[in-house]
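Per-entry structural report
So the chains spell out like this:
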Amino acid sequence: MLEKVVADLVVRYGGKYIEGLDRDKFRFSIFQGDIEMSDLNLRRDALNDLQLPVDVERGYIGKLTLKVPWRSLSSKPVVCEIDQLFLLVKPKNFRKTPLTNAEYEKQQQAAKVEGLKGFEDQHAAAEEAQKLEGGSNAGFLAKLTETVVNNIQVKIKAIHLRFEMPDCPTPFALGLTWTTMAIFSTTPDWVQTFVKEVEHKMYKVLDLQDFGVYMNVHRFQRTDTMEFSEWRAFMAEQITSHVLCVD
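Heads up: these notes are all about the structure in this document. If you're wondering where the values come from, they're calculated on a predicted model, not measured in any experiment. (Residues numbered from 1 in each chain as written. Predicted model: local features only at pLDDT ≥ 70, side-chain atom pairs only at ≥ 80, totals over all residues. Heavy atoms only, no water.)

1. So, the overall build of the protein
The helix and strand inventory of the protein stands at five helices and eight strands. For the protein, the sequential pattern of α-helices and β-strands runs α-α-β-β-β-α-α-β-β-β-β-α-β. Across the 247 residues in the protein, those meeting the buried criterion constitute 34%. Within the structure as shown, the protein displays about 15,600 Å² of accessible surface, and the carbon and sulfur contribution to it stands at 54%. (Helix = DSSP H or I, 4+ residues; strand = E, 2+ residues; numbered from the N terminus. Buried < 20%, exposed > 50% of the residue type's maximum accessible area, 1.4 Å probe, protein only. Areas by Shrake-Rupley, 256 points an atom, 1.4 Å probe, with all protein chains shown as cover.)

If you want it as structure tokens, here you go:
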């Protein structure tokens, strides 16, 4: 039962960002202990929810490990560990003319449809939980799911986000790198904790180590045309602890 709850959560949320998450194969791997997946590709629409003016050109996760405390989900956090997160983005096509009324209405309708889909997914998950125990423990499952989501810890090593403008008069690349990142729940005083119930607000800490920024103009190197293995090696090599680098 608990395996299904966790599998549904991971596929529902992770499937928005990672290609090829299969629910049936995923459940099978859960029974083997900690969940481990390697060489994952990010979806090209992974950033759509953020409504950023960029498109994902390439995205890669070297290794994803999900550590689940099966016997104490109500008191210990699920930990998601990622080793190597590389993302290459490019600007969306620039519009020289503003949106027409028809185009604006179309965008608004698409946003409403997406919101409705999210609501339907949540409703379907609740119905599935009721089926698992004939409805008798639906409240318990809903509470457990909320607790798991509120307390998930994320730990990422070796992150490189790169933005490229290869087709402008002066091609350039702008990048962000950091060696480690962690996200966890805290008290209002920013002390790490396990959240039992959310009263008014959720408090989260985002901890970055060895954060660096670089901009390449004179030594710009286009990476979207590289072989994928060459691109991964390039992205890994660029991760440094430099605070700022412009060349």
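2. Things to note about the pattern of salt bridges
As enumerated under the stated definition, the model contains 11 salt bridges in all. Residues arginine 232 and aspartate 39 are paired through a salt bridge, measuring 3.7 Å at the closest nitrogen-oxygen approach. Of the two residues, arginine 232 sits in helix α5 (residues 228-237) while aspartate 39 sits in strand β1 (residues 35-41), which places them 193 residues apart along the sequence. A single network of salt bridges, built from pairs that share partners, joins Lys90, Asp167, Arg222 and Asp224. (Salt bridge = Lys/Arg side-chain N within 4 Å of Asp/Glu carboxyl O.)

3. Examining the pairing of strand β2 (residues 54-67)
With 10 of its 14 residues buried, β2 lies for the most part within the structure. With six bridges connecting them, β1 and β2 associate as antiparallel partners. Across the sheet, isoleucine 35 pairs through a bridge with leucine 66, a residue of β2. One ladder, built from 12 bridges, connects β2 with strand β3 (residues 79-91); its direction is antiparallel. Directly across from arginine 58, in β3, lies its bridge partner leucine 88. (Pairing = 2+ DSSP bridges.)

4. Some details on the nonpolar core
Judged by nonpolar contacts, the single largest core of 29 residues is most densely connected at Ile18, Ile61, Leu64, Leu66, Ile82, Leu85 and Ile156. Secondary-structure elements contributing two or more residues to this core are α1 (2-14), β1, β2, β3, α4 (138-151), β4 (153-165) and β5 (172-185). Those residues in contact with isoleucine 61 that lie beyond four places of it in its chain are Ile18, Ser38, Asp39, Leu40, Leu42, Ile82, Asp83, Gln84 and Leu85. Membership of the second largest hydrophobic core comes to nine residues, among which are Tyr60, Phe86, Leu88 and Met226. (Core = buried A, V, L, I, M, F, W, Y, C linked by side-chain atoms within 4.5 Å. Contact = heavy atoms within 4.5 Å.)

5. Comments concerning a nonpolar patch on the surface
Together, Leu176, Leu206, Leu208 and Phe211 make up a nonpolar patch on the protein surface, roughly 320 Å² of accessible area in all. Inspection of the secondary structure puts leucine 208 in strand β6 (residues 204-209). (Patch = residues over 30% accessible without salt bridge, like charges linked within 9 Å, V, L, I, M, F, W, Y side chains within 5 Å.)

6. Some details on unusual backbone geometry
Phi angles above zero are rare outside glycine, and glutamine 84 is one such case at about 80°. Note that glutamine 84 resides in strand β3. Of note in the backbone geometry, tryptophan 190 takes a positive phi value of approximately 70° without being a glycine. Relative to the elements of secondary structure, tryptophan 190 occurs in the loop between β5 and β6.

7. A few points about the packing of aromatic side chains
Think of a pair of aromatic rings as described by two things: how far the centres are apart, and how the planes are tilted against each other in angle. Applying the stated criterion to the full structure yields seven aromatic pairs. Ring-pair connections join several aromatic residues into one group, and the members of that group are Tyr60, Phe86, Phe228 and Trp231. The cationic tip of arginine 232 hangs over the ring face of tyrosine 60; the distance from NZ or CZ to the ring centre is 5.0 Å. (Phe/Tyr/Trp six-rings, centres within 6.5 Å; stacked < 30°, edge-to-face > 60°. Lys NZ or Arg CZ within 6 Å of the ring centre and 35° of its normal.)

8. Some details on α5
Taken residue by residue, α5 has Trp231, Phe234 and Met235 as its buried positions. Down the axis, α5 shows its buried residues gathered within 95° of arc, on one side only. (Arc of directions from axis to C-beta.)

9. Brief notes about the side chain of glutamate 164
With respect to the helices and strands, the residue glutamate 164 is situated in strand β4. Side-chain polar atoms of glutamate 164 contact the side chain of arginine 162, separated by 2.7 Å. Setting aside chain neighbours within four positions, we find glutamate 164 in contact with Leu88, Val89, Lys90, Pro91, Phe172, Ala173, Phe220, Gln221, Arg222, Thr223 and Asp224. (Polar contact = N/O pair within 3.5 Å; in protein donor to acceptor, adjacent residues only side chain to side chain.)

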